[in-house]
Each structure stands twice: as structure tokens, then as C-alpha cells.
Amino acid sequence: MSVYKDEKTNTWKVYYRYTDWQGKVHQTTKRGFQTKREALAWEREQLNKVETDWDMSFESFIDIYTADMKNRIKENTWHTKEHIMRTKILPYFGQRKISDIQPKDIIAWQNEMIKATNKQGKPYSPVYLKTLHNQLSAIFNHAVRFYGLKSNPAQKVGNMGKAKGREMLFWTQDEYAKFSFAVMDKPISFYAFEMLYWCGLREGELLALTPADLDFEKGTVRVNKSYQRIGKRDVITDPKTPKSNRTIKMPQFLAEEMQEYLITAKVLGTGLSVILLLVGVMNFVNTMVVNVNTRRYELAVLESIGMTKRQIKRMLFMEGFYYWGVSLSLAVTIGTAIFILLYMIFSKVAYYAVFSYPFIPLVLVSGLVLLICLIVPIWVYKTDVNLPVVERLRLTE
């Protein structure tokens, strides 16, 4: 590595080379240091990382730990780990040399965590305290196992907190019956809690279910995924543990309830879509019919001055194609914008909502509209063309 002064910006920069895991040598530059001392300190820290020198700071080893572990565990699990490291561990050990951290420092950190409180002003639970210590110990264990650190000071001190949490409370069947009766007028909530209670599902497992996971012939529900909301993104992951992949037998009444609910939802959704489609199609057909009828005189004049019926049909055909192109363009641009806006509004109320662009319905409806645009004008013209040109001109005067 080399440290140079950038005369243009009056700052210092570091050129350095490193070898990646494939043995390839890369060169890069770090700029913007206000003093040569800062540049040299950063250079020394990078050399410590490459050579795994235990004079490196704890924060620098966290970068190594992150690179090693981030892609090996579930995304939501890593977010939890990262939050603990950033808010509970790095503020205390970040600038310390990792080789200087002793058991007594771990004890002092534990005492700080035991005295600390959450946003509600309550002390951390014993289970959470144990989780904090486990994460710190995992970082040191990684350094011992893979990078040659002599010992794990957190392991020498031992844990804090307790492994078991508070006793879990369950609704009795009578208590749940009272609750379910109270939410019976809210179908989505009612059926969601029915699945949660009678099948023992976690919330994420419930939100990840699809109709394909329900087998009404066998009366079972398949659990093989979980829904997570991570950084304002919808993420479908594997269940919490491998044993969470399971097939659950539903009570007969629950299987019947869910089947009826899905059928009702499908019928209502399909029925509403069909009604809206028919209304739109009928309005469009009416517009096309009125358009041709109001142009009777124009079409009769064109025919009287020598334009053939075939040429008129071709003209109407091209006009219909033009109308279709304009309609499709508006649907793809303005329609899509409205669709996304509605989703954004709805997702604030129902965070589990997932955006899915209706490509197949759009293609099918576009084909139907194209047929209407091409066929209706020709059909209306044919119903009128049986009369002689003179008669048509007289009728439209």
C-alpha cells in the first residue's frame, strides 16, 4: 500500500492491492482523508484485516465476520444479528483492539446491558440478555475457529440471562370461541384466526399460505415457507426451523370453512371482474356503433364519388386498429400508474399485500378489444350498406 497527497483536493489517498478468494489481485483507491495520519491508520487497519493481525479493531473484524456469514444464514436472521452488533456491541467494543478485549471487559459490558432499558423504559428480558451474549460469543468463536484468535473471552465469562422465556399463555377453547364470535363479521380476520388457532401456525407461515397449500380432499395444509417484511420488502423464506416444514391435519369443519371461503372469494372476484369487463365492453361497442352511425352521410358520399365498399371496409378496419392502439397505450401507461397507486394505498392498510402485474388478463382483454375494434365497425357498416347510396344520402339529410 502507498499513501499520497492529492494536490487538487488537498486531501490524502491510499492505493492498495489485495488478493481475493480466487487468487486474483485487485487494486483500488481510498480517497478523502483529511490528514496523512488518518490515511496511514486506515492503511494499517486494512493490512491487519488481510493478515488477520489481532491488533486490528473489533469493528474491522466485524467486517470480516459479515463477509463470511451474511450469505450463509436467512436474511431476517442476519438483520437481527446486524441490529444487535450495531446497537449493542459495536458502541462498546468497536474501537478496541480485539486482542486487548479481556474477560473483565465482557463482564463490564454485561453489567451495562443488565442495567440498560428498552424504549418503554423496561429492563431487557433474561432471554434477550442471553441472546446478546450469544451473539458476542459467536463473533469471538468465529475468530478462534477460523482466524487463529487464542481464546474467546466471552466464553470464559459465561452467559447472562436465561434460556427460557416467560411462560406462554394459550386461549382455552371457550376463550377462543368468545373471540371468534366477536370477529365473525370480519371474514378475513375470522378465517385467519381460525387457521392460527386450530392449526397452530405462526403468523409468517399463515401469511405465506397459498390456495395450492390446502388439500381439501385429504383435509391438510402444507407449511413449507414463511412471510417476512424486511426493509419495506416482502420476502418469502423457509420456515423458522427445518422441523417447521410439516403437513397439518385440519379439523373437518375448518377444511369445509376454508373451502367455502375460497370458493366465495373466487366467485365474487371473478363475478366483479366479469361485470366490470362487460360494462367496459358494452360502452366500447356502443361508442363504435355511434361513431359509424354518425358517419353514414360521410361514408355514403365517399361511395358516391367512387370509393368501393372494400376500400371503405379497409378504412374502417384501420381506424379500428388505431382505436385499439390508443386504448392499449392508455391502459399500459395511465392504467398501470393508477394500478400501482392503488396498490401503494392498499399496502399501507394490508402490509401483506403483494404486487403482481396482470399480464395474462391484459393480453386476453387486449385481444378481445382488438376484435371489437375490428369487427364492430364493419358489422355496423354492413347492416347499412344494403340500401342504395341515393337512399342512404336521402335518409341522412
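Please refer to the structure higher up on the page.
Here the residue index of a chain counts from 1 through its sequence in written order. Whole-chain, interface and lining totals are the exception, using all residues; otherwise, since this is a predicted model, local features are given only for residues with pLDDT of at least 70 and side-chain atom pairs are given and counted only at 80 or more. Remark: hydrogens and water are excluded; side-chain values derive from all non-hydrogen atoms of the structure.

A. Expanded view of the nonpolar core. Core analysis: the largest hydrophobic core is formed by 28 residues, its most contacted members being Phe58, Ile89, Leu136 and Phe140. The way it works is that DSSP assigns letters per residue, a run of H or I at least four long becomes a helix, a run of E at least two long becomes a strand, and they are numbered from the N terminus. Secondary-structure elements contributing two or more residues to this core are helix H2 (58–69), helix H3 (75–93), helix H4 (103–115) and helix H5 (126–147). Dropping the residues within four chain positions of it, phenylalanine 58 is found in contact with Ile89, Leu90, Phe93, Gly94, Arg96, Ile98, Ile101, Leu136, Ile139 and Phe140. The definition of a nonpolar core used throughout is a set of buried Ala, Val, Leu, Ile, Met, Phe, Trp, Tyr and Cys residues joined through side-chain atoms within 4.5 Å. When accessible area is computed with a 1.4 Å probe and restricted to protein chains, residues below 20% of their type maximum are described as buried, those above 50% as exposed, and intermediate ones as partly exposed. By size, the runner-up hydrophobic cluster in this structure holds 15 residues, among which are Val183, Phe190, Cys199 and Ile248. Any two residues having at least one pair of non-hydrogen atoms within 4.5 Å are treated as being in contact.

B. Highlighting the pairing of strand E6 (residues 226–230). Pairing of E6 with strand E7 (residues 233–237), which is carried by five bridges, proceeds in the antiparallel orientation. Paired with serine 226 across the two strands is threonine 237, which belongs to E7. Pairing between strands is defined by DSSP: at least two bridges between them are needed. Linkage of E6 to E7, two consecutive antiparallel strands, is achieved through a turn of two residues, within which glycine 231 is found at a positive phi near 55 degrees.

C. Quick look at unusual backbone geometry. Of note in this structure, asparagine 10 is not a glycine but carries a positive phi near 60 degrees. Within the secondary structure layout, asparagine 10 lies in the loop between strand E1 (2–6) and strand E2 (11–19).

D. Representation of the side chain of glutamine 110. Within the secondary structure, glutamine 110 is located in helix H4. Residue glutamine 110 is classed as buried on the basis of its relative accessible area, which comes to 8%. Here a polar contact is recorded for every N or O atom pair within 3.5 Å, except that within protein the pair must consist of a potential hydrogen donor and a potential acceptor, and residues adjacent in sequence are included only if both atoms are side-chain atoms. A distance of 3.0 Å separates a polar side-chain atom of glutamine 110 from the backbone oxygen of glycine 158.

E. Representation of the packing of aromatic side chains within the structure. Between 30 and 60 degrees the pair is tilted, below 30 it is stacked and above 60 it is edge-to-face, where a pair is any two Phe, Tyr or Trp rings, Trp via its six-membered ring, whose centres lie within 6.5 Å. Here the structure, examined in full by the defined rule, presents 20 aromatic pairs. Considering the side-chain rings of tyrosine 322 and tyrosine 323, the 6.0 Å spacing of their centres and the 55 degrees angle between planes classify their relative orientation as tilted. Here a set of aromatic residues connected by ring pairs shows up, and it is made of Trp171, Tyr176, Phe179, Phe193, Tyr197, Trp198 and Phe253.

F. Region of interest: the sheet that holds strand E8 (residues 246–249). In spatial order, the strands read E4-E5-E8; together these three strands make up an open sheet with antiparallel pairing. In the strand order of this sheet, the two ends are held by strand E4 (214–215) and E8, each with one partner. Pairing between strand E5 (residues 220–223) and E8: four bridges, direction antiparallel. In the sheet register, valine 221 faces E8, and the bridge partner there is isoleucine 248.

G. Structural detail: the pattern of salt bridges. The salt bridge definition used is simple: a Lys or Arg side-chain nitrogen within 4 Å of an Asp or Glu carboxyl oxygen. Counting across every chain of the model gives nine salt bridges. Where glutamate 112 meets lysine 115, a salt bridge forms, and the shortest distance between an N and an O atom there is 3.5 Å. Remark: lysine 115 and glutamate 112 occur in helix H4; sequence separation between them is three residues, near one turn of the helix. Among the residues examined, glutamate 112 registers a relative accessible area of 34% and is labelled partly exposed.

H. Layout of the layout of surface pockets. Two kinds of site are reported from a 1 Å grid over the protein atoms alone, namely cavities, where a 1.4 Å probe fits but cannot get out, and pockets, open sets with protein on both sides within 12 Å along at least five of seven lines, and residues are called lining when an atom falls within 4 Å of a point. Grid points are joined across faces, edges and corners, and a volume is the space filled by probe spheres set on the points. Space inside the second largest pocket adds up to approximately 880 Å³. What lines the second largest pocket is a set of 26 residues, and nearest its centre among them are Leu277, Ala331, Pro361, Leu362 and Val365. For the lining of the second largest pocket, the secondary-structure elements that each account for two or more residues are helix H10 (252–293), helix H12 (309–349) and helix H13 (359–385). Here the lining of the second largest pocket gets 10 residues from one element, more than from any other, and that element is H12.

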